[in-house]
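Letter by letter, the chains look like this.
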Amino acid sequence: DASPPAPPIDASPPAPVDAATYVFGKPGEFQRDMEAMGTSPRRLAAFGFLGLGIALAGDLFGVTDALLNAAPEGAKDAARRARLDTYYPIGDFKRYIDDEYRYEVLYPMRWLGDQAVYVARTQARSKMLSTDPDSVLRSMKAPRGPAALAAFGPPGGTFAENL
C-alpha cells in the first residue's frame, strides 16, 4: 500500500491585501457571493438600516439617549418640539405632557411614572364610557374627590420625594 507523496507546502507569505479587498473581495466577488446566497447588497443595506432604526427607537444600549445628549442645542430643541423627551431624556430630565388637561411636567430622568395612577385614570375613563345603566348610576352616586392625574418618583422611593 504505497500512497502517493503529499504535495509540497507553499511556505511563501501571502501577498498583502488592502482592507477593501479583504472585506469585499476582488471586483465582482462580493456580488457573486450575494447571488449565491440569494440576496443582494441593497437588501443587506435595507436590513442594516432597519436594525439601526430599531436600535434607535428602542434606545438599545442607551444609544438614543447618548445621541440626544451629545447633539447641539438646535437638535435638542427640535427633539423637544417633536416630544422625544417624553420617551428619552434630554439633558437630565424627561417630560410628561397631558393633552387632556393641558399641562407639562419636567422630572428627573431616573424617576419613574406611577403606573397605578395611569391604570386608575384609564379605568375611570372606561366607566364614563360605559353604556351599562347600573354602572352609570353607580358612577353618578360615587363620591368624587381629587384624583392624581400623574405621579413620578425615584425607583424604590418612600413617597416623600414624589412629584
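Description of the structure in this document. The shown structure was predicted, so the numbers you read here are calculated from the model rather than taken from an experiment.

Conventions adopted
- Residues numbered from 1 in each chain as written.
- Predicted model: local features only at pLDDT ≥ 70, side-chain atom pairs only at ≥ 80, totals over all residues.
- Heavy atoms only, no water.
- Patch = residues over 30% accessible without salt bridge, like charges linked within 9 Å, V, L, I, M, F, W, Y side chains within 5 Å.
- Areas by Shrake-Rupley, 256 points an atom, 1.4 Å probe, with all protein chains shown as cover.
- Salt bridge = Lys/Arg side-chain N within 4 Å of Asp/Glu carboxyl O.
- Helix = DSSP H or I, 4+ residues; strand = E, 2+ residues; numbered from the N terminus.
- Pairing = 2+ DSSP bridges.
- 1 Å grid on protein atoms, 1.4 Å probe; cavity = no way out; pocket = protein on both sides within 12 Å on 5 of 7 lines; lining within 4 Å.
- Points joined across faces, edges and corners; volume = space filled by probe spheres on them.
- Nonpolar A, V, L, I, M, F, W, Y, C, P; charged D, E, K, R; others polar.
- Buried < 20%, exposed > 50% of the residue type's maximum accessible area, 1.4 Å probe, protein only.
- Polar contact = N/O pair within 3.5 Å; in protein donor to acceptor, adjacent residues only side chain to side chain.
- Contact = heavy atoms within 4.5 Å.

**Describing a nonpolar patch on the surface**
Part 1 of the argument: A cluster of nonpolar residues, Val17, Tyr22, Val23 and Phe24, forms a patch on the protein surface that exposes about 490 Å² of accessible area.
Part 2 of the argument: Secondary-structure assignment places phenylalanine 24 in helix H1 (residues 19-24).

**Considering the pairing of strand E2 (residues 103-108)**
Part 1 of the argument: The sheet contact formed by strand E1 (residues 93-98) and E2 spans six bridges and is antiparallel. The partner of arginine 95 across the bridge, within E2, is leucine 106.
Part 2 of the argument: Linkage of E1 to E2, two consecutive antiparallel strands, is achieved through a turn of four residues, within which arginine 102 is found at a positive phi near 55°.

**Considerations on the layout of surface pockets**
Part 1 of the argument: One number sums up the size of the second largest pocket: a volume of about 500 Å³.
Part 2 of the argument: Here the lining of the second largest pocket is composed, by residue class, of 11 nonpolar, three polar and eight charged.

**Considerations on the side chain of aspartate 85**
Part 1 of the argument: One can find aspartate 85 in the loop between helix H5 (73-81) and E1.
Part 2 of the argument: Look at aspartate 85 and you get buried, because its relative accessible area is 4%.
Part 3 of the argument: Side-chain polar atoms of aspartate 85 contact the side chain of arginine 95, separated by 2.8 Å.
Part 4 of the argument: The contact partners of aspartate 85, leaving out residues within four places of it in the chain, are Ala79, Arg80, Ile90, Lys94 and Arg95.

**Observations regarding the side chain of arginine 121**
Part 1 of the argument: Take arginine 121: it is sitting in helix H6 (residues 115-128).
Part 2 of the argument: In this structure the side chain of arginine 121 is engaged in a polar contact, spanning 3.2 Å, whose partner is the side chain of glutamate 100.

**With respect to the environment of asparagine 162**
Part 1 of the argument: Inspection of the secondary structure puts asparagine 162 in the segment after strand E4 (152-153).
Part 2 of the argument: Take asparagine 162: its relative accessible area is 34%, and that puts it in the partly exposed class.
Part 3 of the argument: With 55 residues separating them in the primary sequence, asparagine 162 and tyrosine 107 have C-alpha atoms 9.9 Å apart.
Part 4 of the argument: Residues within four places of asparagine 162 in sequence aside, it is in contact with Trp111, Phe152, Gly153 and Pro154.

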